[in-house]
Amino acid sequence: MIEPLFSVLLTFGGIYFMWQGFHWMRYIVIFSGILMTLSFTLSVLLIFSQLIKK
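Quick caveat: nothing in here was measured; it's all calculated off a predicted structure.

Novice: Just to check I follow, could you spell out the side chain of Ser 32 for this structure?
Specialist: Inspection of the secondary structure assignment puts Ser 32 in helix 2 (residues 26-53). At 2.8 Å, the side chain of Ser 32 and the side chain of Thr 11 are in polar contact. Within the local environment of Ser 32, its side chain forms a polar contact with the backbone oxygen of Val 29, the two atoms lying 3.3 Å apart. If sequence neighbours within four positions are ignored, Ser 32 has contacts with Ser 7, Leu 10 and Thr 11.

Put into structure tokens, the structure is as follows:
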């Protein structure tokens, strides 16, 4: 539950900082975006697997 929130804050916070001129934040945005996508996909797969079992 903590990781998706952390990834969202890092992604959108990093986009803001890149807009302010900190271009090295692009690597943090890429990494946190990947983590956010993976955690969302894993959550959806777990929900679907639980629905199919019942």
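From this point, the narrative continues.
Novice: Explain the packing of aromatic side chains to me, please; I cannot follow it from the model alone.
Specialist: A ring pair, where both rings are aromatic, is described by two values, the distance of the centres and the angle of the planes. Going through the model one piece at a time under the given rule, you end up with four aromatic pairs. Both rings, one in Phe 17 and one in Phe 22, keep their centres 5.9 Å apart while their planes meet at 85°; by these two values the pair is edge-to-face. On the basis of relative accessible area, Phe 22 is assigned to the partly exposed category, the value being 40%. One aromatic cluster is present, formed by Tyr 16, Phe 17, Trp 19, Phe 22 and Trp 24 through successive ring pairs.

Analysis parameters
Residues numbered from 1 in each chain as written. Predicted model: local features only at pLDDT ≥ 70, side-chain atom pairs only at ≥ 80, totals over all residues. Heavy atoms only, no water. Helix = DSSP H or I, 4+ residues; strand = E, 2+ residues; numbered from the N terminus. Polar contact = N/O pair within 3.5 Å; in protein donor to acceptor, adjacent residues only side chain to side chain. Contact = heavy atoms within 4.5 Å. Phe/Tyr/Trp six-rings, centres within 6.5 Å; stacked < 30°, edge-to-face > 60°. Buried < 20%, exposed > 50% of the residue type's maximum accessible area, 1.4 Å probe, protein only.

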